[in-house]
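# A closer look at the structure
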Amino acid sequence: MSKTTPRQLVEQIADAVSRADRTIRLMEVCGTHTVALFRSGVKSLLPNALRLISGPGCPVCVTSQGYIDAACDLAGREDVTICTYGDMVRVPGRRGSLEHRRAEGADVLVVYSARDAVSHAAAHPDRKVVFLAVGFETTAPATAAAVLEAEAKGITNFFILSGHKLVIPAMQALLSAGDVPIDGFLCPGHVSVVIGANAYAPIVEQYGKPCVVAGFEPEQMLKGILHLVRQIGRGESRLENVYSAAVTNEGNVAARRCMEQVFVPADSIWRAMGTIPGSGLELREPFRPFDALVHFGLAIGPDYDPPGCRCGEVIQGKVEPDQCNLFARQCTPAAPVGPCMVSSEGTCAAWYKYGRIQAKSPSTQARSS
Amino acid sequence: MLAHGGGGELTGRLIAEHFLPRLRNQWLEPLGDSAVLPWTSSALAFTTDSHVVQPLEFPGGDIGRLAVCGTVNDLAVAGAVPLALSLAVIMEEGLPLKVLDRIIDSIAAAAAEANVSIATGDTKVVERGRGDGMIINTAGVGSLRESLSLDKRRIIPGDAMVLTGLIAEHGLAVMSAREGLAFQTALRSDVAPLNGLIEQMAASGADIRFMRDPTRGGLAGLLADLCVDIRLSIEIEETAIPISRTARHTAELLGLDPVTVANEGKCVAVVAAEDAGKLLEACRAHPLGRQAAIIGRITDAAPPIVEMITDAGGRRVVQRPYGEELPRIC
Ligand code: SF4
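Rules of the game
Residues numbered from 1 in each chain as written. Chains lettered and ligands numbered in written order. Predicted model: local features only at pLDDT ≥ 70, side-chain atom pairs only at ≥ 80, totals over all residues. Heavy atoms only, no water. Core = buried A, V, L, I, M, F, W, Y, C linked by side-chain atoms within 4.5 Å. Buried < 20%, exposed > 50% of the residue type's maximum accessible area, 1.4 Å probe, protein only. Helix = DSSP H or I, 4+ residues; strand = E, 2+ residues; numbered from the N terminus. Contact = heavy atoms within 4.5 Å. Phe/Tyr/Trp six-rings, centres within 6.5 Å; stacked < 30°, edge-to-face > 60°. Lys NZ or Arg CZ within 6 Å of the ring centre and 35° of its normal. Buried area = accessible area lost by both parts, 1.4 Å probe. Salt bridge = Lys/Arg side-chain N within 4 Å of Asp/Glu carboxyl O. Polar contact = N/O pair within 3.5 Å; in protein donor to acceptor, adjacent residues only side chain to side chain. Nonpolar A, V, L, I, M, F, W, Y, C, P; charged D, E, K, R; others polar. Pairing = 2+ DSSP bridges. Axes fitted to C-alpha atoms, helices over the stretch in contact; angles between N-to-C directions. Domains from an automatic or database assignment. Parallel < 35°, antiparallel > 145°, perpendicular 65-115°, else oblique. Left-handed = near helix turned anticlockwise from the far one by under 90°. pLDDT = per-residue confidence, 0-100. Arc of directions from axis to C-beta. Disulfide = S-S within 2.5 Å.

Residue and element names in this part refer to chain A. If you look at the biggest cluster of nonpolar residues, it comprises 101 residues, and the most contacted ones within it are Val130, Phe131, Phe158, Met171 and Phe185. Counting residues per element, this core draws most heavily on helix 5 (residues 65–75), which supplies seven residues. The residues touching Met171, leaving out its near neighbours within four places in the chain, are Val29, Phe185, Cys187, Tyr200, Ile203 and Cys211.

This is the structure in structure tokens:
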């Protein structure tokens, strides 16, 4: 079979959309897709009657404000070193961000993996090292492996603040709430590598929404979109996988086993979506000593949106970034108001960086240095 | 290991034993309060830059090479022939002398490569924890080439944009070498003095209107700034931008946009459309310009914006990155 070019795929999509003769609304679940769709220019090639809605798949954006505040409180402790992915550092909380805390002298270290945090703990036995464990099934296995490593090495000054989230329960919660019309889901390749394509079966079976797993290359995303649009045109709802080179039906069993050994699904608070049953990960009993909440006797406080920020609606696909009054005015990547503008995977940041929004506010185009 | 001391004796020994033997030349040798240089050119280009980098040594270079090349390149892209540099080194107590020697050797090698002299210098040793290992400031002077008339105001729609080689190598190499990064790549920094390459570009006779090296902020930062300055649109083609497979793959892995990643040995030139081929040929004839390419053009599309025509045939805006671009979470 000869390879279909992006141009041909775009034509086929346009054709399928015009045949459906209505607006089709697809949700790309994950922030990585959101960014890739913009960065690759794919978004600019799609017909107007095809709406791509960004979903709740940006790890930083779905993290509740209560979590951010708990992390900031921990950072304020003399004996604590916070290890975190870079994106988390600038999210504004009730009393400023981790970046502010660092400026005040808090020990906040940007790491690239959970393992780095374990190594840091091993090298600094006098510090209590807390890793901000956020992300979906892409990062959770790595956190689990880090906890296992710390246990095996007898490292007792390593803790995690688990904000891990699961993708499927969030999709179910969105559909159950029913206030956002969605015709189908473009499902993320990297999460699916771990959870397997079959994980989406409940979405297809219980809610009748087609799901197509795709990678992040332009051809992959276009193919995924085409398959969705064709299914919708025919009134079908099936599970398809156009990324079978990397994603199997079962997923990465070893990674999942590691995750299941360390974590147990638990209720979790999502930004603006509230508590979703079984949508987070909590350390299992034997690993409780690694739980920062347990060790420091903390609780995650209430969730809220920064004043004026509509991130909560953005991550549920209820509004698009430019419907937020602050977008590109008070809120820019240089001075973000909400997490959707902070995170490199955030929908607002992607719109701002790659969309044609400059005309709206010339001042924002000024050189930042 | 370097000890901390205010005494002149330590500084004197540092200079006599570590710096002078490696950097010796007729201007520096007298160790006077000022270097005295011969001067003939009508116009003088003068620039300065301070350099910090972690780690001090990284694949393909180190802070010393970076400090020499950075200033040489600033002079070269301004159309000047670099002549002499000053070198001010602030070192942190505890810096291994072996590392210091390697870095001075590297400074000497880069200066020789760029054919400039370190004409004057200064060293200070600061307390541990107050100097980031080493901080280097270099200033440089050069004489303006008369064969070039660089002026952004001469840029017009239709002008072509030439990039002299592979992007993103420096930023990704440093990032992958930085302590704690859980992956390793074969990437090496592209840090290199550009004056030789630019000499050939100037000699080609092409009507070059503008040159700059895309360092921090990457190609995206350079283009976004230029767009604001000239109030004209810039259109670049993703397929035309030279990038290695490794760099593309690494950037993808980290969730970074390669056009926003730093370079230290590349030059972007805006050239009259009819001279683009000539300029490209001149670039490719130089070892540092083998992968040069025409990556885009100036247009009069309003409002002024930098746009990329992507691999997939779509379009997207290119903007200056905000602060340091950090690897994504998943
Ligand atoms: S533009 Fe800023 S304030 Fe508005 S929703 Fe997005 S992140 Fe929140």
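All names here are of chain A. Evaluated as defined, the whole model comprises six aromatic pairs over all chains. Considering the side-chain rings of Phe159 and Phe296, the 5.6 Å spacing of their centres and the 70° angle between planes classify their relative orientation as edge-to-face. Here the residue Phe159 occupies a position in strand 6 (residues 158–162), and Phe296 occupies one in helix 14 (residues 292–296), the gap between them amounting to 137 residues. The residues Phe159 and Phe296 share a single accessibility class, namely buried. Measuring from ring centre to ring centre gives 6.3 Å for Phe327 and Tyr352, while their planes differ by 80°; the resulting arrangement is edge-to-face. Here Phe327, found in the loop between helix 15 (311–314) and helix 16 (339–342), pairs with Tyr352, found in helix 17 (residues 347–354); they are 25 residues apart in sequence, far enough to count as distant. Owing to a relative accessible area of 1%, Tyr352 belongs among the buried residues under this scheme. The aromatic ring of Tyr304 is capped on one face by Arg94, whose charged end is 4.2 Å from the ring centroid. Seen from the ring of Trp270, Lys165 lies directly overhead, with NZ or CZ sitting 5.7 Å from the centre.

Turning next to the interface of chain B and chain A. Contacts between the two partners involve 33 residues from chain B and, on the opposite side, 37 residues from chain A. Note on chain B versus chain A: buried area summed over both sides is about 3100 Å², and carbon and sulfur give 57% of it. Across the pair Asp257 of chain B and Arg39 of chain A runs a salt bridge, and its minimum N-O distance is 3.9 Å. If you look at where chain B meets chain A, you find seven residue pairs in polar contact (both at pLDDT 80 or more). Contributing elements (two or more residues each) for the side of chain B that touches chain A: helix 6 (218–230) and strand 13 (315–317) of chain B. Sort the elements by how many residues they give to the side of chain B that touches chain A and helix 6 of chain B lands first, with four residues. For the side of chain B that touches chain A, a count of residues per class yields 16 nonpolar, six polar and eleven charged.

In this section: the sheet that holds strand 1 (residues 44–51) of chain B. Residues and elements named next belong to chain B. Judged by pairing direction, the sheet is mixed, and its four strands sit side by side in the order 1-6-4-5 without closing on themselves. In this open sheet, the two edge strands, each paired with only one partner strand, are strand 1 and strand 5 (117–126). Strand-to-strand twist in this sheet, taken as the mean axis angle between neighbours without regard to direction, amounts to 15°. Direction of pairing for strand 4 (residues 80–92) relative to strand 5: parallel, over a ladder of nine bridges. Bridging across to strand 5, Leu87 finds its partner in Gly121. Of the strands in this sheet, strand 4, strand 5 and strand 6 (134–144) touch helix 3 (residues 97–114), which is tilted by about 10° from strand 6.

Right, let's get into the sheet that holds strand 2 (residues 50–54) of chain A. All names here are of chain A. One open sheet holds the five strands; their spatial order is 2-1-7-8-9, and the pairing between them is parallel. In this open sheet, the two strands that pair with only one neighbour each are strand 2 and strand 9 (239–241). Geometrically, the sheet is characterised by an average inter-axis angle of 25° between neighbouring strands, direction not taken into account. Examined bridge by bridge, strand 8 (residues 211–214) and strand 9 share three bridges and lie parallel to one another. The residue of strand 9 that forms the bridge with Val213 is Asn241.

The next thing to look at is the environment of Glu250 of chain A. Residue and element names in this part refer to chain A. When you line up the elements, Glu250 lands in the loop between strand 9 and helix 13 (253–262). Of the residues examined, Glu250 reaches a relative accessible area of 47% and is grouped as partly exposed. Along the primary structure Glu250 and Pro339 are separated by 89 residues, whereas in three dimensions their C-alpha atoms are 33 Å apart. When near neighbours in sequence (up to four residues on either side) are disregarded, Glu250 contacts Val194, Ile195, Gly196, Asn198 and Arg256.

A few words on the domain arrangement of chain B. Residue and element names in this part refer to chain B. According to the domain assignment, chain B consists of domain 1 (2–33 + 42–144) and domain 2 (152–317). For domain 1 and domain 2, the distance between their C-alpha centres works out to 27 Å. Across the boundary between the two partners, domain 1 contributes 19 residues, which contact 19 residues of domain 2. Together, the buried faces of domain 1 and domain 2 total about 1600 Å²; carbon and sulfur atoms form 65% of this surface. Considering only the surface of domain 1 that becomes buried against domain 2, Pro59, Asn73 and Val77 emerge as the three largest contributors, covering 34% of it. Across the contact surface, domain 1 and domain 2 share zero salt bridges. Counting the contacts that link domain 1 with domain 2 gives six residue pairs in polar contact (both at pLDDT 80 or more). Breaking the side of domain 1 that touches domain 2 down by element, the ones donating at least two residues are helix 2 (63–77) and helix 3.

Residues and elements named next belong to chain B. For the pair helix 4 (residues 169–177) and helix 7 (residues 245–254), the least separation of the axes is 10 Å and the interaxial angle reads 55°. One element, helix 4, and the other, helix 7, form an angle in the oblique class. Our pair here, helix 4 against helix 7, has a crossing hand that is left-handed. Taken together, the residues of helix 7 that come into contact with helix 4 (itself represented by Glu169, Leu172 and Met175) are Ala247, Thr250, Ala251 and Leu254. Its residues assigned to classes, the contact of helix 4 with helix 7 shows five nonpolar, one polar and one charged.

This paragraph deals with the confidence of the model for chain B. Scored by pLDDT, chain B comes out at a mean of 91, with 94% of its residues at no less than 70. The ipTM, which scores confidence in the relative placement of chains, is 0.76 for this predicted complex, and the corresponding pTM is 0.84.

Turning our attention to helix 8 (residues 276–284) of chain B. Helical periodicity: at 3.6 residues per turn, an α-helix aligns residues three or four positions apart in one direction. Residues of helix 8 of chain B that are buried: Ala276, Leu279, Leu280, Ala282 and Cys283 of chain B. On an axial view of helix 8 of chain B, the arc spanned by its buried residues comes to 160°, and they lie on one face.

Here we take up the state of the cysteines. Counted under the stated rule, the structure contains one disulfide over all chains. Paired through a disulfide, Cys58 of chain A and Cys61 of chain A show a sulfur-sulfur distance of 2.3 Å. Taking the torsion about the S-S bond as the criterion, the Cys58 of chain A to Cys61 of chain A disulfide, at about 65°, is right-handed. Comparing Cys58 of chain A with Cys61 of chain A shows no difference in burial state: the two are buried. Looking at Cys72 of chain A, it has no disulfide partner, and the nearest cysteine sulfur is the one in Cys83 of chain A, 15 Å off. Residue class for Cys72 of chain A comes out buried when judged on its relative accessible area of 3%. Cys283 of chain B provides the cysteine sulfur closest to Cys267 of chain B, a residue in no disulfide bond, and the two sulfurs are 7.4 Å apart. On the accessibility criterion, Cys267 of chain B (0% relative accessible area) is buried.

With that settled, consider the pattern of salt bridges. All names here are of chain B. By the definition in use, this model includes 40 salt bridges over all chains. Close ionic contact of Arg154 with Asp207 constitutes a salt bridge, the shortest N to O distance being 2.9 Å. Pair noted here: Arg154 is in the loop between strand 6 and strand 7 (160–163) and Asp207 is in the loop between helix 5 (195–203) and strand 8 (208–212), with a separation of 53 residues, a long-range link. Judged by its relative accessible area of 27%, Asp207 falls in the partly exposed class. One network of salt bridges, in which partners are shared, links Glu235, Glu237, Arg297, Glu307 and Arg315.

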